[in-house]
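# A closer look at the structure
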Amino acid sequence: MELTSVSPDPAGLKALAHPLRLRMLGMLRIDGPATATGLAERLSVNTGATSYHLRQLAQHGFIVEDVDQGNGRERWWRAAHESTRTKGDGGDTEAMSAYIHAIAAFYAEQQQRALIEYPFLPEEWSRATTLSDWVIRLTPARAQALRDYLGAEIHAQEEVPEDAEGSAHFVVQLSTYPLPGEVVP
């Protein structure tokens, strides 16, 4: 299956830098279409806030109205792409910085929640779980080649059907960066 992705412009990066928008977009990507009311209940926020943030996501092309859902009175939304990819900062370092800080905070929160659940995982899922790191010396070109290779390997994995026994969404977070303090003193 070919994954669809979007590479946002600086305005899109700024729009995604909001933590609630990141969570909403993630929910629409993983759980499928939803209404502002449904998202508000799941996120414990008011529907006015979710409606506003949904409009912002739609304005930048991250979500679209799902006209196949609902009964005419409800407005359903779905993700327009399966993933977001960044390619440099598009000339706006501030927008990229805000975005990657929001993503890092989101990842940290998600990892904390996963670690809370870790002691209760079935053995097969605890064996599949890791928080590992490797520090290796590379040039920027080799670093980019490694990142691209790992991304291609992840995309090459065939997803199992939703009803496959024992299946669950499995998070793979790929963070690549020079060791802090080595390139910028």
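Our subject is the structure that appears above.
Only a predicted model underlies this, so the values are computations on that prediction, with no experimental measurement involved.

This paragraph deals with the overall build of the chain. A count of helical and extended segments in the chain gives seven helices and five strands. Secondary structure of the chain in N-to-C order comes out as β-α-α-β-α-α-β-β-β-α-α-α. Taking the principal axes of its C-alpha atoms as reference, the chain extends roughly 55 × 45 × 30 Å. Expressed as a percentage of the 185 residues in the chain, the buried residues total 23%. Restricting to contacts in the chain with at least 6 residues of sequence separation, those with at least 24 account for 61%.

Taken together, the three strands give an open sheet; going across it, the order is E2-E4-E3, and neighbouring strands pair in antiparallel fashion. Unpaired on one side and paired on the other, strand E2 (34-35) and strand E3 (63-65) mark the two borders of the sheet. In this sheet, strand E4 (residues 76-79) lies alongside E3 in antiparallel orientation, the contact comprising three bridges. In the strand pairing of E4, Ile-63 is matched with Ala-79. Contacts from helix H2 (residues 19-31) reach E2, E3 and E4, with the element oriented near 85° to E4.

Inside soluble globular proteins, nonpolar side chains tend to come together where they are buried. Counting 25 residues, the largest nonpolar core has Leu-28, Leu-39, Leu-54 and Ile-63 as the members making the most contacts within it. Elements with a contribution of two residues or more to this core: helix H1 (10-16), H2, helix H3 (36-43), helix H4 (47-59), E4 and helix H5 (93-117). When residues of this core are assigned to their parent elements, the largest contribution, six residues, is made by H2.

Below, the discussion takes up the side chain of Asp-66. Mapped onto the elements, Asp-66 comes out in the loop between E3 and E4. A polar contact is formed between the side chain of Asp-66 and the backbone nitrogen of Asp-68, at a distance of 3.2 Å. Among residues more than four places away in sequence, those in contact with Asp-66 are Pro-33, Trp-76, Trp-77 and Arg-78.

So, how was this worked out
Residues numbered from 1 in each chain as written. Predicted model: local features only at pLDDT ≥ 70, side-chain atom pairs only at ≥ 80, totals over all residues. Heavy atoms only, no water. Helix = DSSP H or I, 4+ residues; strand = E, 2+ residues; numbered from the N terminus. Buried < 20%, exposed > 50% of the residue type's maximum accessible area, 1.4 Å probe, protein only. Contact = heavy atoms within 4.5 Å. Pairing = 2+ DSSP bridges. Axes fitted to C-alpha atoms, helices over the stretch in contact; angles between N-to-C directions. Core = buried A, V, L, I, M, F, W, Y, C linked by side-chain atoms within 4.5 Å. Polar contact = N/O pair within 3.5 Å; in protein donor to acceptor, adjacent residues only side chain to side chain.

Don't take any of this as a statement about function, it's just geometry.
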